[in-house]
Structure formats: C-alpha cells, structure tokens
Amino acid sequence: MKILFVAAFLGVILYNLGAGLYYMLVDQGTSKRTVNALTRRIVFSIVLIGLVVAGIATGVVEPHGVGA
C-alpha cells in the first residue's frame, strides 16, 4: 500500500511535468498555465518528500540502509 501511494504521487508529479511541457509548447508564453503546472509539480514533490520523512520518523516506513 505504501509503494502504491508513492507511485501514485510520482504519477501525479510526472503528469504535471508533462502538462507544463505541453502548455509551454502550445501557449508560447501567452498564459500562466505552464507556471501553474510546474508550481503544482514542485508542491507535490515537497509534500511527497515530507511524507516520506514523516513516515521514517514515525516508523511507518523503514529505510533499507544502503551504504550502512
């Protein structure tokens, strides 16, 4: 379930990245849709990182210890 949640977040992040690219090519600087899509991507990325950190801190997510 945790992996599915992270994968869904990554899917939304990639969708917003693609939408930003599409709007950049189609609008050619005439609207703010590109900026809005990329802003949403950044917000979702920060929220995902925060959730992972909170999950590790509470013990819900266990890091696998690469390099330990």
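Structure: see above.
Residues numbered from 1 in each chain as written. Predicted model: local features only at pLDDT ≥ 70, side-chain atom pairs only at ≥ 80, totals over all residues. Heavy atoms only, no water.

(A) Focus on the overall build of the chain. The secondary structure content of the chain amounts to two helices and zero strands. The globule rule puts the C-alpha radius of gyration for 68 residues at 11 Å, and the 16 Å found for the chain is more than 25% above it. Taken along its principal axes, the extent of the C-alpha atoms in the chain is 50 × 25 × 15 Å. Across the 68 residues that make up the chain, the buried fraction comes to 16%. Once local pairs closer than 6 in sequence are excluded, the contacts in the chain between residues at least 24 apart make up 58%. Of the roughly 5300 Å² of accessible surface on the chain, a fraction of 73% belongs to carbon and sulfur atoms. (Helix = DSSP H or I, 4+ residues; strand = E, 2+ residues; numbered from the N terminus. Rg over C-alpha atoms; globule rule 2.2 N^0.38 Å. Buried < 20%, exposed > 50% of the residue type's maximum accessible area, 1.4 Å probe, protein only. Contact = heavy atoms within 4.5 Å. Areas by Shrake-Rupley, 256 points an atom, 1.4 Å probe, with all protein chains shown as cover.)

(B) Structural context of the layout of surface pockets. By volume, the largest pocket is sized at about 210 Å³. If you list the elements that add at least two residues to the lining of the largest pocket, you get α1 (2–27) and α2 (33–58). Here the residues of the lining of the largest pocket sort into nine nonpolar, one polar and one charged. (1 Å grid on protein atoms, 1.4 Å probe; cavity = no way out; pocket = protein on both sides within 12 Å on 5 of 7 lines; lining within 4 Å. Points joined across faces, edges and corners; volume = space filled by probe spheres on them. Nonpolar A, V, L, I, M, F, W, Y, C, P; charged D, E, K, R; others polar.)

(C) Geometry of the environment of N16. With respect to the secondary-structure elements, N16 resides in helix α1. With relative accessibility at 4%, the residue N16 sits in the buried group. Residues N16 and A37 lie 21 residues apart in sequence; the distance between their C-alpha atoms is 5.3 Å.

(D) Region of the structure containing a nonpolar patch on the surface. Together, F5, V6, L10, V43, V47, L51, V52 and I56 make up an exposed nonpolar region whose accessible area comes to about 600 Å². For the nonpolar patch, the secondary-structure elements that each account for two or more residues are α1 and α2. Examined against the element boundaries, L51 turns out to sit in helix α2. (Patch = residues over 30% accessible without salt bridge, like charges linked within 9 Å, V, L, I, M, F, W, Y side chains within 5 Å. Salt bridge = Lys/Arg side-chain N within 4 Å of Asp/Glu carboxyl O.)

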